[in-house]
Amino acid sequence: MEAVQLLGIILLIAGFVLVGIEMVLPGFSVPGISGIVCFVAGVFIIADSVMEAAVITIAILAVLGIMMAVILHLLSRGKLKTPIVLEEEQRSTEGYISSGDLKYLLGKQGTAATDLRPAGIGKFDGVNFDVMSEGNYISKGTEIEIIKVEGSKLVVKQRRGEEYE
């Protein structure tokens, strides 16, 4: 094997390593660009004809596809660490709530912090929430009550004493 072809093979291997690093790290940066440059240089050095270059390029793309599948599998199983994935858990005991946890607000009374046209902000026990009226305009400062919780959507109605308007 000639030294030139050996250089081409080394460039292809370096390209796979660099693109593999790029698949794990976020962004399109130095490893990805360097890997592409290594691939192009390796193909130009190894290939003797355009047809041979096309076959090598197809083989490179196939190997990259397999690499991507393996890396995605390892990332989804937690066997490979990446800065894209959040490490800490957000527990409700630490003050985090999900949209499914908003059922506790049903029946809460508060005031409209902004005009509801029909969407706006309502203040309940000192906390602001995005709310939506049942279609009626409700002016800022009006007493409101949460009458429906649909996922993360809070539906309110204007209060007048014990009756609704």
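Residues numbered from 1 in each chain as written. Predicted model: local features only at pLDDT ≥ 70, side-chain atom pairs only at ≥ 80, totals over all residues. Heavy atoms only, no water.

### Some thoughts on the overall build of the protein chain
Cut-off, in case you're wondering: Secondary structure is summarised from DSSP: a helix means a run of H or I of at least four residues, a strand means a run of E of at least two, and numbering begins at the N terminus for each. We call two residues in contact whenever any of their non-hydrogen atoms come within 4.5 Å of each other. Calculation of accessible area relied on Shrake-Rupley with a 1.4 Å probe; when residues are assessed, cover is drawn exclusively from the protein chains displayed.
Each helix and strand counted, the protein chain has 3 helices and 6 strands in total. Moving toward the C terminus, one meets the helices and strands of the protein chain in the order α-α-α-β-β-β-β-β-β. Once local pairs closer than 6 in sequence are excluded, the contacts in the protein chain between residues at least 24 apart make up 43%. When the accessible area of the protein chain is evaluated, it comes to approximately 10,900 Å², of which 63% is carbon and sulfur surface.

### Structural notes on helix 1 (residues 3-24)
Basically, it comes down to this: What a helix should span is 1.5 Å times the count of its residues minus one. To sort residues, take the accessible area from a 1.4 Å probe on protein chains only and compare it with the maximum for the residue type: under 20% means buried, over 50% means exposed, and anything in between is partly exposed.
The terminal C-alpha atoms of helix 1, which comprises 22 residues, lie 32 Å apart, in line with the 32 Å expected from a rise of 1.5 Å per residue. For helix 1, the complete set of buried residues consists of Gly8, Leu11, Leu12, Gly15, Phe16, Val19, Gly20, Glu22, Met23 and Val24.

### Considering unusual backbone geometry
With an omega of -10°, the peptide bond between Arg117 and Pro118 qualifies as cis. Along the chain, the position of Pro118 falls in the loop between strand 1 (109-112) and strand 2 (119-124). Phi angles above zero are rare outside glycine, and Asp125 is one such case at about 50°. Assignment of secondary structure puts Asp125 in the loop between strand 2 and strand 3 (127-133). You can call Asp125 exposed: its relative accessible area is 58%.

### Description of helix 3 (residues 50-77)
Over its 28 residues, helix 3 runs 41 Å from end to end, which matches the ideal 40 Å to within 8%, given 1.5 Å per residue. Burial in helix 3 covers these residues: Ile56, Ile60, Leu64, Met67 and Ile71. Residues of helix 3 that are buried in the fold lie against helix 1 and helix 2 (30-46). A positive phi of about 80° marks Gly78, the residue just after helix 3.

### Observations concerning the packing of aromatic side chains
We apply this condition: Note on ring pairs: Phe, Tyr and Trp rings are taken, using the six-membered ring of Trp, and paired if centres are within 6.5 Å. Classes follow the plane angle, with under 30 degrees stacked, over 60 edge-to-face and the rest tilted.
Across all of its chains, the model carries 2 aromatic pairs by this definition. Note on Phe16 and Phe39: the rings are 4.9 Å apart at their centroids and 70° apart in plane angle, and the pair reads as edge-to-face. On the criterion of sequence distance, the pair formed by Phe16 in helix 1 and Phe39 in helix 2 is long-range, its members being 23 residues apart. The same class applies to Phe16 as to Phe39, namely buried. The interplanar angle of 55° and the centroid separation of 6.3 Å between the aromatic rings of Phe124 and Phe129 together place this pair among those described as tilted. Residue classification places Phe129 among the buried positions, given a relative accessible area of 14%.

### Re the packing of helix 1 against helix 2
Quick note on the threshold: For every element, the axis is a line fit to its C-alpha atoms; helices are fit only across the contacting stretch, and the angle between N-to-C directions ranges from 0 to 180 degrees. Each angle gets one of four labels, with under 35 degrees taken as roughly parallel, over 145 as roughly antiparallel, 65 to 115 as roughly perpendicular, and the rest as oblique. It is the rotation of the near helix from the far one that decides the hand of a crossing: anticlockwise by less than a right angle makes it left-handed, clockwise makes it right-handed. Side-chain classes follow a simple rule in which Ala, Val, Leu, Ile, Met, Phe, Trp, Tyr, Cys and Pro form the nonpolar group, Asp, Glu, Lys and Arg form the charged group, and the remainder, Gly included, forms the polar group.
Orientation of helix 1 relative to helix 2, taken along the N-to-C sense of each, is 155°, at an axis distance of 7 Å. The orientation of helix 1 relative to helix 2 falls into the category roughly antiparallel. Handedness of the crossing formed by helix 1 with helix 2: left-handed. Its residues placed into classes, the contact of helix 1 with helix 2 shows 18 nonpolar, 7 polar and 1 charged.

### Here's the deal with the packing of helix 2 against helix 3
Where helix 2 meets helix 3, the axes come as close as 9 Å, and the angle between the chain directions of the two elements is 145°. Crossing hand, helix 2 versus helix 3: right-handed. Residue-level contacts link Phe39, Val43 and Ile46 of helix 2 to Glu52, Ala53, Ile56, Thr57, Ile60 and Leu64 of helix 3.

### Brief notes about the side chain of Ser133
Let me state the cut-off plainly: Side-chain atoms alone can form a polar contact between residues adjacent in sequence; in general such a contact is a pair of N or O atoms within 3.5 Å, and within protein one must be able to donate a hydrogen while the other accepts it.
Structurally, Ser133 is set in strand 3. A polar atom in the side chain of Ser133 sits 2.5 Å from the backbone oxygen of Asn136. Excluding residues within four positions of it along the chain, Ser133 makes contact with Pro118, Ile138 and Val156.

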